[in-house]
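# Descriptive structure summary
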Amino acid sequence: MNHKITTCISSNNNLEYLKLAVKSVRTNAYYNDMPIIVYAENCTDGTDEWLLNQMQIDSNLKGYIEHNDISIGIGGGMDYCVKKSNTEFVNIIHSDMWIAPNQDKELLKLF
């Protein structure tokens, strides 16, 4: 499918919430197969392993795992995700967010 929107998530040691954020997109988004891009920086809580596993299961989930001496932080991570997106629009959410039903469709109506 040709997608119009990508969900971007930046995360750092927030695995349990990240799992819920991804689940909310796959469960509640109108375009629930949309691309999701996750930037995981300096994670030591199992995020790297979980993300690698999920990318094997979900072909529309792309993860970028970085271990940096100088952190780019949440804003830098979001910027990284947006640059990796190939869609016209992006939906930036934090790794501890849960999206409401059809949130993506409602956002697209505003454009």
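Reading the values: rules and limits
- Residues numbered from 1 in each chain as written.
- Predicted model: local features only at pLDDT ≥ 70, side-chain atom pairs only at ≥ 80, totals over all residues.
- Heavy atoms only, no water.
- Core = buried A, V, L, I, M, F, W, Y, C linked by side-chain atoms within 4.5 Å.
- Buried < 20%, exposed > 50% of the residue type's maximum accessible area, 1.4 Å probe, protein only.
- Helix = DSSP H or I, 4+ residues; strand = E, 2+ residues; numbered from the N terminus.
- Phe/Tyr/Trp six-rings, centres within 6.5 Å; stacked < 30°, edge-to-face > 60°.
- 1 Å grid on protein atoms, 1.4 Å probe; cavity = no way out; pocket = protein on both sides within 12 Å on 5 of 7 lines; lining within 4 Å.
- Points joined across faces, edges and corners; volume = space filled by probe spheres on them.
- Nonpolar A, V, L, I, M, F, W, Y, C, P; charged D, E, K, R; others polar.

### A short note on the nonpolar core
Core analysis: the biggest nonpolar cluster contains 20 residues, and Ile 9, Val 25, Ile 36 and Val 38 have the highest contact counts within it. The greatest single-element share of this core, amounting to 5 residues, is contributed by helix 1 (residues 15-28).

### As for the packing of aromatic side chains
By the definition in use, this model includes 4 aromatic pairs. Between Tyr 39 and Tyr 80, the ring centres sit 4.8 Å apart and the planes meet at 45°, which makes this aromatic pair tilted. Of this pair, Tyr 39 sits in strand 2 (residues 36-41) while Tyr 80 sits in helix 3 (residues 73-84), placing them 41 residues apart in sequence. Judged by relative accessible area, which is 2%, Tyr 39 ranks as buried. A network of ring pairs unites the aromatic residues Tyr 39, Tyr 64 and Tyr 80 as a single cluster.

### Here we look at the layout of surface pockets
If you add up the space inside the largest pocket, you get close to 180 Å³. Considering the residues around the largest pocket, the lining is formed by 14 residues, among which Thr 6, Pro 35, Ile 37, Lys 62 and Asn 86 are closest to the centre. Of all the elements in the fold, those that place two or more residues in the lining of the largest pocket are strand 2 and strand 3 (61-66). Considering only residue class, the lining of the largest pocket consists of 4 nonpolar, 8 polar and 2 charged.

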